Amino acid sequence: MTEAPLSIEDILLPADQLDGPVDWHQIFGNDNPVEIEIGTGKGTFLINAARANPRINHLGIEWANKYYKYAADRARRWDLSNIRMIRCDAKDLIILHTPPQSVQTLHIYFPDPWPKKRHRKRRLFDAKFVAAAVEALIPAGRLHVVTDHKEYFDIIEPLLADCDQFQLSDFKPCDTAQLGEWVGTNFERKYLAQGRTIYSRTAQRIISS
Ligand SMILES: C[S@@+](CC[C@H](N)C(=O)[O-])C[C@H]1O[C@@H](n2cnc3c(N)ncnc32)[C@H](O)[C@@H]1O
């Protein structure tokens, strides 16, 4: 018997039903490892990662309604049952709704830099977010961050380095990236075409004895 094609409702997670820690088994219907991409935009990385790794569950978090729906519709068209999309503030999802030690990888590619001083409080990365991110990761789990914005990167990197549960290393290009790319997102393609420098780092949760 062939399974029915996915509908958009199979992919969209209603954010208004969030209440306490999420149950990944209930959300994905299996106990496969969970990876989260924060700020998927149109979902190019998410779709490629989910296609390449069908035994990993991928949650995309996207605040912009247009892109959240766009990425979810791409997942539907590719019939990717290992993707869910949620529209919410990723900071809240990581701090308030992610069970401790439950996420294998956090992907954060080209986070909004909010360069104006009065907007900086909107940035994703601060000490509270980093503390919640490390708590969400399984031992040896990884947070990957890639950006073109040097000033924001110079804030992100020390925040990660100051966390004694993280060990930092060079970010290695994703398997799904094309030649010359780090991750293969839409923003990265635009910035590479403009000749901008890309900054990246991986933070791995240490395995405490
Ligand atoms: C600069 S775009 C990068 C999109 C994609 N990662 C790429 O590289 O093409 C940043 C995206 O993150 C989303 N975003 C920013 N802050 C967010 C937050 N706190 N929670 C969820 N999404 C967020 C924005 O709506 C936007 O689509």
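Heads up: these notes are all about the structure in this document. What you see as residue numbers is a count from 1 along each chain, following the sequence as written. Two thresholds apply to this predicted model, a pLDDT of at least 70 for residue-level local features and 80 or more for giving and counting side-chain atom pairs, whereas whole-chain, interface and lining totals are computed over all residues. Hydrogens are left out, water is left out, and the side-chain values use all remaining heavy atoms of the structure.

Take the overall build of the protein next. Secondary structure elements follow DSSP: runs of H or I of four or more residues count as helices, runs of E of two or more count as strands, with numbering from the N terminus. Secondary structure summary: the protein contains eight helices and eight strands in total. For the C-alpha atoms alone, the extent of the protein along its principal axes is close to 55 × 45 × 35 Å. Exposure categories follow from relative accessible area, calculated using a 1.4 Å probe and restricted to protein chains: below 20% of the type maximum is buried, above 50% is exposed, and the middle band is partly exposed. The 209 residues of the protein split such that 45% are buried. Per-residue accessibility takes into account occlusion by the displayed protein chains alone, with areas from the Shrake-Rupley method and a 1.4 Å probe. Looking at the protein as shown, the accessible area adds up to about 11,400 Å², and 50% of this sits on carbon and sulfur atoms. Under the convention used here, Asp and Glu are negative, Lys and Arg are positive, and both His and the chain ends fall outside the count. Where a charge sits is defined by one atom per residue type, namely NZ (Lys), CZ (Arg), CG (Asp) or CD (Glu). Side chains of the protein carry 27 positive and 27 negative charges; the gap between the two charge centres is 8 Å.

A few words now on the site of the ligand. Here a residue is near a molecule or strand as soon as one of its heavy atoms is found within 4 Å of it. Near the ligand lie 16 residues; those nearest to it are Gly39, Glu62, Ala90, Tyr109 and Thr185. Contact between the ligand and Glu62: an oxygen atom at 2.5 Å from a side-chain N or O atom of the residue. One nitrogen or oxygen atom from the main chain of Ala90 is found 2.9 Å from a nitrogen atom belonging to the ligand. Relative to its unbound accessible area of 600 Å², the ligand is 87% covered by the protein chains. Under the rule applied, a polar contact is a pair of N or O atoms within 3.5 Å (in protein, one hydrogen donor and one hydrogen acceptor; residues adjacent in sequence only if both atoms are side-chain atoms).

This brings us to the environment of Ile207. Mapping Ile207 onto the fold places it in the segment after strand 8 (199-205). When the C-alpha atoms of Ile207 and Ile56 are compared, they prove to be 21 Å apart, with 151 residues separating the residues in sequence.

Stacked, tilted and edge-to-face are the three classes applied to pairs of Phe, Tyr and Trp rings, where Trp contributes its six-membered ring and a pair requires centres within 6.5 Å; stacked means planes under 30 degrees apart, edge-to-face means over 60, and tilted covers the rest. Under the definition given, this model contains nine aromatic pairs. Their ring planes at 40° and their centres at 6.3 Å tell us that Trp24 and Phe28 sit as a pair that is tilted. Highlighted residues: Trp24 and Phe28, both in helix 2 (residues 24-28), separated by four residues, approximately one helical turn. Across this residue pair, the class does not change: Trp24 and Phe28 are buried. Measuring from centroid to centroid gives 5.8 Å for Phe187 and Tyr191, while their planes differ by 70°, and the two rings are edge-to-face. With Phe187 and Tyr191 both in helix 8 (residues 186-193), this residue pair falls four residues apart, about one helical turn. Each member of the aromatic cluster is reached from another via a ring pair, and the members are Phe45, Tyr109, Phe171 and Trp182.

Side chains of Lys116, Arg118, Lys121 and Arg122 sit close together on the surface and give a patch of like positive charge. Mapped onto the fold, Lys116 is located in the loop between strand 5 (103-109) and helix 6 (127-136). Patches here are clusters of residues that have more than 30% relative accessible area and form no salt bridge, with a 9 Å joining cutoff for like charges and a 5 Å cutoff for nonpolar side chains (Val, Leu, Ile, Met, Phe, Trp, Tyr). The term salt bridge refers to a side-chain nitrogen of Lys or Arg lying within 4 Å of a carboxyl oxygen of Asp or Glu.

Taken as a whole and judged by the stated rule, the model has nine salt bridges. For Glu151, the salt bridge goes to Arg123, with nearest N and O atoms at 3.4 Å. Of this pair, Glu151 sits in helix 7 (residues 150-161) while Arg123 sits in the loop between strand 5 and helix 6, placing them 28 residues apart in sequence. Note that Asp154 and Lys150 form a salt bridge whose closest N and O atoms lie 2.7 Å from each other.

The next thing to look at is the pairing of strand 4 (residues 83-86). Covered by surrounding structure in strand 4 are Ile83 and Met85 together with Arg84 and Ile86, the residues of both alternating faces. Of the pairings in the sheet, the one linking strand 1 (residues 12-13) to strand 4 comprises two bridges and is parallel in character. Paired with Leu12 across the strands is Met85, a residue of strand 4. By definition, two strands form a pair when at least two bridges between them are found by DSSP. Direction of pairing for strand 3 (residues 57-61) relative to strand 4: parallel, over a ladder of four bridges.

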